[in-house]
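# Remarks on the overall topology
Spelled out from the first residue to the last, the chains are:
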Amino acid sequence: MDCKRVSDTLPFRGFDIYNMTSYVQEHTLINRGITTLGGSTIPQCIMSNNKNEAQERAIMGGIYFIASYLTPILLIPVYNRHFLKNKGITKELKGAGEKIIEVSKKYLTSDGNLKEGLKITAEKLDKKSGGNTYQKAFSEIYDRYDNDGKLKKDLLSVHEKILMTDFITTAAMWSAIPWIATEFTERRTKRSDFSAGFELKKETPQQKQDLKKSKGKKLFWNALFVTIPGIIFSKAVTKGIAFDKALSASSKSIKNKILGKIASKPEKFDYASGTNMSKAIYAAIWVLSSFPAKIISSRDANERRDRALRDIGLFTMFFGGDFLINNIAGRCADKLFGTKIMEDCGKNLNFFQKFKLGLRNFRTLEQAKDIPPKVLHKTKSIGAGLYWFSLLTNTALIGFGLPKLLNKFLRYNIRKENERNIQSAEISNSGQKYSMQEFMARK
């Protein structure tokens, strides 16, 4: 089951459909940005219950989409340079040596061959730029250390600091987005309840006061969920990568089992091009920080339910739906057209083991030894088409199917809430009337 991908040697040249597809596939934040804009923001604005909800969703989606591009372009390179120089791995903030951060974490494990990792990474970078600049820079660092173990330890320390900083920064941005959008709505409409229900019910003065009182407490819990998971997660990943895999096999400890899982798949925590977080990191930020923050910042029970169900649906479709559609379509294409779109680790696997394997990395198709030249062009063309079909199908389900169900659920809940309020008011009024009649009779 250990499918090893060949090294990433295909440069991103231009914006033809195949190269663009391989870039989007490899860069999780860009993929998610497209899914959010096309699958959440635009369709869910169309499916909103009123213009206020539509404006809120447009603001949230727009800010997220911008952050998806700016974070890896502006922030991560700064983190990389700062922490590498601070640790003494590089001697200056800018230079070829900073690209050592692109060495995969699989070479930083207890049994990883760091020298080989440096060589492969440097050759890949030099192939893109021409010359041997990176091989010289990496050799200088390696020779200066003259100690595999010490360089591994320092690189892992840098990776941990980058991951922790990026986790907290990203979580803070994602957590701030709902607050920004709801604050905009409150200032414009003078209402502080869930915007989707504006035309379905009225906000009471008591509800407004309760929300105002709870804001400080919500912000405090929000801050905790932004920072604490980032610290714990980054330290766990570092410990897992350095962990001896042999210990997890014989240990009954849950902690050792978890660390062993990380140690067996360290590349799952790599940053593409040294700047773009992997799906594993992205999922961790979403589950551990972003989702709790959205629930905490909800304005009322209706919004809390809506956000919980919407995010669960989005998470499931982003990580499960995309894989499922790609898997079915890719396997059909391989069978019908003789392409090599899906990963293949040999024939000694059962159906479920094969089904767990995903799409090949489009960046490395040209280097795959099991794809004949005649099949390669067909695989690239059909594979790129199927990838976008899957992405668009997924976004359509997220954008239109999910909101339709949630809107019906919201209207049902608000209708029941209004009925309870009317009944409560009638009981209260009848009680007051009886008390007055009783008072007049006694008088």
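Just so we're clear, the structure is a prediction, and the values are computed from it rather than from any experiment.

### Some thoughts on the overall build of the protein
- Looking only at helices and strands, the protein features 13 helices and zero strands.
- Listing the helices and strands of the protein from first to last along the sequence gives α-α-α-α-α-α-α-α-α-α-α-α-α.
- With 443 residues in all, the protein has 48% of them scored as buried.
- Of all intrachain contacts in the protein linking residues separated by at least 6 positions in sequence, the fraction that spans at least 24 positions is 71%.

### Quick word on the packing of helix 10 (residues 279-296) against helix 11 (residues 301-337)
- Helix 11 packs onto helix 10 with a crossing angle of 170° between their chain directions and a minimal axis gap of 10 Å. Between helix 10 and helix 11, the crossing angle belongs to the class labelled roughly antiparallel. Contact with helix 10, carried on its side by Lys279, Tyr282, Ala283, Trp286, Val287, Phe291, Lys294 and Ile295, involves Arg304, Arg307, Ala308, Asp311, Ile312, Leu314, Phe315, Phe318, Phe319 and Asp322 of helix 11 and no other residues of that element.
- Looking at the contact of helix 10 with helix 11 residue by residue, the classes come out as twelve nonpolar, no polar and six charged.

### Quick notes on the confidence of the model for the protein
- Residues with a pLDDT of 70 or more make up 85% of the protein, whose mean pLDDT is 84.
- Confidence drops under pLDDT 50 across residues 1-15; counting only partners more than four residues distant or on other chains, this segment forms 38 contacts.

### A few points about the packing of aromatic side chains
- Evaluated as defined, the whole model comprises eight aromatic pairs.
- Ring geometry for Phe167 and Phe233: centres 5.7 Å apart, planes at 40°, overall tilted. Residue Phe167 is found in helix 6 (residues 148-189), and its partner Phe233 is found in helix 7 (residues 205-242); the two are separated by 66 residues along the sequence.
- Judged by centre distance (6.2 Å) and plane angle (90°), the ring pair of Tyr387 and Trp388 falls under edge-to-face. Trp388 carries the same exposure label as Tyr387, and that label is buried.
- Ring pairing ties together the aromatic residues Tyr64, Trp174, Tyr282, Trp286 and Phe315, which thus form one cluster.

### Comments concerning a nonpolar patch on the surface
- Together, Ile66, Leu70, Ile73 and Leu74 give the surface a local cluster of nonpolar side chains, amounting to about 390 Å² of exposed area.
- Considering the arrangement of structural elements, one finds Leu74 in helix 3 (residues 51-87).

### Quick word on the environment of Pro403
- Structurally, the position occupied by Pro403 is in helix 13 (residues 373-442).
- The exposure class assigned to Pro403 is buried, which follows from its relative accessible area of 1%.
- Sequence separation of Pro403 and Leu309 is 94 residues, and the distance between their C-alpha atoms is 9.8 Å.
- Filtering out sequence-adjacent residues up to four positions away, Pro403 remains in contact with Gln44, Met47, Arg310 and Ile398.

Parameters and conventions
Residues numbered from 1 in each chain as written. Predicted model: local features only at pLDDT ≥ 70, side-chain atom pairs only at ≥ 80, totals over all residues. Heavy atoms only, no water. Helix = DSSP H or I, 4+ residues; strand = E, 2+ residues; numbered from the N terminus. Buried < 20%, exposed > 50% of the residue type's maximum accessible area, 1.4 Å probe, protein only. Contact = heavy atoms within 4.5 Å. Axes fitted to C-alpha atoms, helices over the stretch in contact; angles between N-to-C directions. Parallel < 35°, antiparallel > 145°, perpendicular 65-115°, else oblique. Nonpolar A, V, L, I, M, F, W, Y, C, P; charged D, E, K, R; others polar. pLDDT = per-residue confidence, 0-100. Phe/Tyr/Trp six-rings, centres within 6.5 Å; stacked < 30°, edge-to-face > 60°. Patch = residues over 30% accessible without salt bridge, like charges linked within 9 Å, V, L, I, M, F, W, Y side chains within 5 Å. Areas by Shrake-Rupley, 256 points an atom, 1.4 Å probe, with all protein chains shown as cover. Salt bridge = Lys/Arg side-chain N within 4 Å of Asp/Glu carboxyl O.

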